[in-house]
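Breakdown of the fold
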Amino acid sequence: MRGPPTSGAPPVSGAQSYSQFGQGETQNGPPPMGAPPQRPPVSQTYTPGAVNLSGPQPPFSQQFGAPPVSMQQMTNQMASMQVGSTAPSPAGPGYAPPVSQPPFSTAQVPPGPTQSYGGPLPPTQPSFSRPLLPTSQPSTFPAGPPPTSTPSQLPGVMQPQPPVSQPSPYHSGPHPTSTGFPPQVGAPPRPPFAGMQGPPMAPQGPPLASQGPPMVQANHVPPTQPGMPPGPISASMSGPPPQPGMQGYPPQQNGEHQCFYWVCFFFCSWIKACQSFIGWYFFSTQIQVIEDDKANKGSEPFTTGVRGQAPPLVTTKFQVKDQGNASPRYIRCTAYNMPCNSDMAKQSQVPLAAVIKPLAPLPPDETPPYLVDHGESGPIRCNRCKAYMCPYMQFIEGGRRFQCGFCSCVTEVPPHYFQHLDHTGKRVDCYDRPELSMGSYEFMATVDYCKNNKIPQPPAFIFLIDVSYNAVKNGMVGIVCQELKTLLDYLPRENPDVESNIRVGFVTYNKVLHFYNVKASLAQPQMMVVSDVADMFVPLLDGFLVNVSESRVVIESLLDQIPEMFADTRETETVFGPVIQAGLEALKAADCAGKLFVFHSSLPIAEAPGKLKNREDKKLVGTDKEKSLFQPQVSFYNTLAKECVVQGCCVDLFLFPNQYVDVATLGVVPTSTGGSIYKYTYFQASSDQERFLNDLRRDVQKPMGFDAVMRVRTSTGIRATDFFGSFYMSNTTDVELAGLDCDKTVTVEFRHDDKLSEETGALMQCAVLYTSCSGQRRLRIHNMAVNCCSQLADLYRNCETDTVINFFAKYAYRSVLSSPIKNVRDSLVNQCAQILACYRKNCASPSSAGQLILPECMKLLPVYLNCVLKSDVLQPGADISLDDRAYLRQLVSTMDVSESHVFFYPRLLPLQKLDVESISLPVAVRDSEERLSRGGVYLLENGLNIFLWVGVNAQQELLQNIFGTPAFGQIDPNMTSLPALDNPFSKRLREIIESVRAQRSRYMKLMVVKQEDKLELIFKHFLVEDKSNNGGASYVDFLCHMHKEIRQLLS
């Protein structure tokens, strides 16, 4: 029998001093290798260290011979990589691996912002116990049963280990019987992956004082006697407790052979389980980051007075106090420390952008922007750059002049605006004037800010309803007409006690257009038909746009008659271009701005301007010509969109298609005018009516501005260079929006044109000129000041990952119009790799090349980026249509940060943990099938849909409380709403669903998904951490790929 190998153990790190890591740094993988590992006693809480995939490999040949070729092949993809999330807790040393397995290691956590994922998890975090040995597998140890020590668990474990016969609801991998390799012929059955534990090692040498409880020296494993695994089996081996009925391993004849078998078994298990272990340990940070932010920033109000202060995450509920900078509900930046010069910005590759939501709704406990009226003289502005009065203006010469914070120009203060300064140089009325003390406010605009120097008319809403065969047959026409009778009472208004000023008009169409005169003096509505769609005009002026209260009787009569008039229609062809032209001409004739609500069902193939053909060709997907599918097939709609913007005519499009309708072309006008697109494929009144009507109600009622122009001004040194969203630009500075509602965002990218100063920081001011729904011309102002930095470490310390991902997604989704999708994907990966490589090279402490080190505020960048890359636009599956991809591309272009966050990484709530007495939601779990328990019920929402996933072994009581039936087989998978049952669980669950819906801009249809049902494939598509059917990488695989890219850049 051979003795122990003469070489030492693969070196592993000991505890590190504070200087090991930089401030705000998240270290993935162990620090540089040093002292020998130690193994904690069995009673110590299990604190996993980082996973080293690149350290020195054990010398197989010295003792056991070379491992099988297949094992080497399996390790290839994981070679040269260390992954972890940060330095483990100083309270717990690393975990000693078995022989022939790369070592785990430990380090001390420095104080400061660095988080330790080895520390205690939130109390509601699922436990990740080591799987027990399956009862179906014979497993007796040669020296008797394993010791009866309790398996070690992560701190914060709430649930006991389930019996062996039941899979754990919180397992991080498949049941032990399905992991690893099957036992080799002639070999004993392999031991399962139980926390990756190996045979216990003999202690070697006294422990260092800084290393915590004593551990054992890896690789020094002298077999003690034949017939036993190397090392004594003692109570210190934290193996699984003995299970009744377990049978033994066949005894070995030779200790050397047995040692070889042990190594093979553990090595196989480790290789197979390594990816899931990394994922289990590392991904949990996504939920942990969110929960930590809620705990740290959700209790105190967020005051905006501190320049360059990053706000709470979008997933945190918080209150904002405006003290001079705009609320994060209005503006979120990718970086709150901006590089001082362009070289630094280019080196880091961090995008410098702001996501601006000018009319964002505020919660009830926050004050909406104050309206300031300076009378006929209008707002006070800088003479040179025309920036509006704001807290960044510095008053000088006793208050008689002010110096602009944006361009440094000095401007005279008008006599009526003069006020004395106090001893600090501030005006004594500073806190009495919103424009001097707040980040967001409004000015009343004068006639000089109005089109043609005329006070605008109140806007109008025009409803244009498709009455072709498909629209009538699927019930859309009847539903719209019925709903409008009550919805017209809820048109937007400034004061809820005052009647709305908005006028309404009605058009129906198929191949021809029907205009309706609903003048109040008429006994019955009159229809006028325009069949010459090539030269569209409005056949009547008086009586088309009317006040709802004055013409209510006539309007209701019309809405009753429309479904009857077209009930027997056989006309299947429709037009589309002339429909928008008709609404536009009506608004021109009334000399007002407004919005068109178009309800459309099919591809416009009738002979008319804007006629389209079916160009759906999936053979082009994946080729260089794929980009043409996202481009409009005719230029007619681009020209029409420009005319609509000039008039202030916003278009909202409701689509009800049964087949291809070319959303890429039909959506040009809505996306250029600040409008929205809603899509209800295969619309059925029974299942889709609720979703459609809620969307329609919200779309009609939500606050919005008309005929808007937005301009972003910046301080000297940076300028706005690129814009993303639903708008039109006739020059390089003005964002023109025919309509701007409370859900729309405009994303602005900034670039340097000079150097910035750390003392003054960087300033931006967003000014939106718009017409309110009452007809007033107003200016809404949002101001934001951020810090400037000359050190890369400061830049990386103050970024916001959610906003970075929002920008990346919009940039990529726009790029598919002009570049092959493969190039777009590669560009995204490359830029993110450059961001992380720059941090690693310039900000992180020196460490092994095998370590993946992420900035503290960007540790979730890889998981979110992978979600963007796997999205249907950039990596389509075979089952997604071209229309759906075009629809999603246009949808994301106007999303705010909270919407894009949940769209790319859906929220998954375990309802079996729901506390009906608490107002808080259960802690979300990661989006992976491994998180789903067969005995659980889960709610998943992504901003467009809500899924209720029901496990096949869900408790009867739980099913009874939710569905009113105790049997899994009796649950109706077609239900779109839960029954209103009289029990606390049912009431609380329905409240949660309604509150989740209220947070989103679109009504989310409920889909009940039973485990192993056909709908489960759709549900699994949103489990974004798993490998997808369309070839999207799992998070672990993508992390390996990102690490490889970073190493290539560094080398």
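In this text, all values refer to a predicted model and were calculated from it rather than measured experimentally. (Residues numbered from 1 in each chain as written. Predicted model: local features only at pLDDT ≥ 70, side-chain atom pairs only at ≥ 80, totals over all residues. Heavy atoms only, no water.)

**Comments concerning empty space enclosed by the protein**
Space left empty within the atom packing is revealed by a probe, the size of a water molecule, rolled over the atoms. Quick note on the threshold: Grid spacing is 1 Å over the protein atoms alone, the probe is 1.4 Å, and a cavity is where that probe fits but cannot get out, while a pocket is an open set with protein on both sides within 12 Å along at least five of seven lines and lining residues have an atom within 4 Å of a point. Grid points are joined across faces, edges and corners, and a volume is the space filled by probe spheres set on the points. Helix and strand definitions follow DSSP, with helices as H or I runs of at least four residues and strands as E runs of at least two, each counted in order from the N terminus.
For the structure shown, the criterion picks out 17 cavities of 30 Å³ or more. Looking at the largest cavity, its volume works out to about 290 Å³. Considering the residues around the largest cavity, the lining is formed by 23 residues, among which Leu891, Thr894, Met895, Ser1001 and Arg1002 are closest to the centre. Contributions of two or more residues to the lining of the largest cavity are made by β21 (677–679), α18 (882–892) and α19 (897–904).

**Details of the UniProt feature "domain: Zinc finger Sec23/Sec24-type" (unreviewed entry) in the protein chain**
The condition is simple: UniProt positions are given in the numbering used here, feature names are shortened, and annotations may be inferred rather than shown by experiment.
Mapped onto the present numbering, the UniProt feature "domain: Zinc finger Sec23/Sec24-type" (unreviewed entry) falls at residues 379–417. A helix fraction of 0% and a strand fraction of 23% characterise residues 379–417, whose end C-alpha atoms lie 10 Å from each other.

**Focus: the sheet that holds strand β6 (residues 331–333)**
In a beta sheet, neighbouring strands pair by backbone hydrogen bonds and run either parallel or antiparallel. Heads up, the rule is: Strand pairing is assigned whenever DSSP identifies at least 2 bridges connecting the two strands. Helix axes use the C-alpha atoms of the stretch in contact, all axes being lines fitted to C-alpha atoms, and the angles between their N-to-C directions lie in the range 0 to 180 degrees.
Taken together, the four strands give an open sheet; going across it, the order is β6-β8-β25-β23, and neighbouring strands pair in antiparallel fashion. Lying at the two open borders of the sheet, with one neighbouring strand each, are β6 and β23 (718–724). Within this sheet the neighbouring strands show an average axis-to-axis angle of 25 degrees, counted without direction. As judged from the three bridges shared by β6 and strand β8 (residues 353–356), these two strands associate in the antiparallel manner. Bridged to arginine 332 within β8 is valine 355.

**Details of the pattern of salt bridges**
Here is the rule: A carboxyl oxygen of Asp or Glu within 4 Å of a side-chain nitrogen of Lys or Arg is what we treat as a salt bridge. Under the scheme applied here, a residue whose accessible area is under 20% of the maximum for its type counts as buried, over 50% as exposed, and between as partly exposed, the area being computed with a 1.4 Å probe on protein chains only.
Under the definition given, this model contains 48 salt bridges. A salt bridge links glutamate 626 to arginine 885; the nearest nitrogen and oxygen atoms lie 2.7 Å apart. Taken together, the residues span a long stretch of sequence, with glutamate 626 in the loop between β19 (594–600) and α10 (636–647) and arginine 885 in helix α18 at a distance of 259 residues. Residue class for glutamate 626 comes out buried when judged on its relative accessible area of 4%. Between arginine 719 and aspartate 753 there is a salt bridge whose closest N-O contact spans 3.8 Å. Remark: aspartate 753 occurs in the loop between β25 (746–752) and β26 (762–771) and arginine 719 occurs in strand β23; sequence separation between them is 34 residues.

**Some remarks on the packing of helix α7 (residues 476–487) against helix α8 (residues 552–565)**
Using the following cut-off: What sets the label is the angle itself: under 35 degrees gives roughly parallel, over 145 gives roughly antiparallel, 65 to 115 gives roughly perpendicular, and the rest give oblique. Crossing handedness: left-handed means the near helix sits turned counterclockwise from the far one by under a right angle, and right-handed means the same turn made clockwise. Between two residues, a contact is recorded if the distance between any of their heavy atoms is within 4.5 Å. Side-chain classes follow a simple rule in which Ala, Val, Leu, Ile, Met, Phe, Trp, Tyr, Cys and Pro form the nonpolar group, Asp, Glu, Lys and Arg form the charged group, and the remainder, Gly included, forms the polar group.
Between α7 and α8, whose axes approach to 8 Å, the crossing angle comes to 165 degrees. One finds that α7 runs roughly antiparallel with respect to α8. The two elements α7 and α8 meet at a crossing, and its hand is left-handed. Listed contacts from α8 to Val477, Gly478, Cys481, Leu484 and Lys485 of α7 are Arg552, Glu556, Leu559, Asp560, Ile562 and Pro563. Within the contact of α7 with α8, the residues separate by chemical class into six nonpolar, one polar and four charged.

**Considerations on the nonpolar core**
Convention followed: Think of a nonpolar core as a cluster: buried Ala, Val, Leu, Ile, Met, Phe, Trp, Tyr and Cys residues, connected wherever their side-chain atoms sit within 4.5 Å.
The biggest cluster of nonpolar side chains holds 145 residues, and the ones touching the most others in it are Phe515 and Met710. Apart from the residues lying within four places of it in its own chain, the contact partners of methionine 710 are Ile356, Pro358, Thr733, Asp734, Val735, Leu737, Val746, Val748, Cys766, Ala767 and Val768. Membership of the second largest hydrophobic core comes to 42 residues, among which are Val467, Ile502, Ile555 and Phe654.

**A look at the packing of helix α15 (residues 801–815) against α19**
When two helices pack together, their arrangement is captured by the angle between the axes and the distance separating the axes. Running from N to C, α15 and α19 point in directions that differ by 80 degrees, and their axes come no closer than 9 Å. For the element pair α15 / α19, the angle class is roughly perpendicular. Residues Asp802, Thr803, Asn806, Ala809 and Tyr813 of α15 pack against Val897, Ser900, His901 and Phe904 of α19. Here the contact of α15 with α19 is built from residues that sort into four nonpolar, four polar and one charged.

**Some words on the sheet that holds strand β29 (residues 907–910)**
Taking strand neighbours across the sheet as the criterion, the four strands line up as β29-β30-β31-β32 in an open arrangement whose pairing is mixed. In the strand order of this sheet, the two ends are held by β29 and β32 (1005–1010), each with one partner. Ignoring which end each strand starts from, the neighbouring axes of this sheet average 20 degrees apart. Where β29 lies against strand β30 (residues 937–941), four bridges are found, and the strand directions are antiparallel. Bridge pairing in β30 places arginine 907 opposite glutamate 941.

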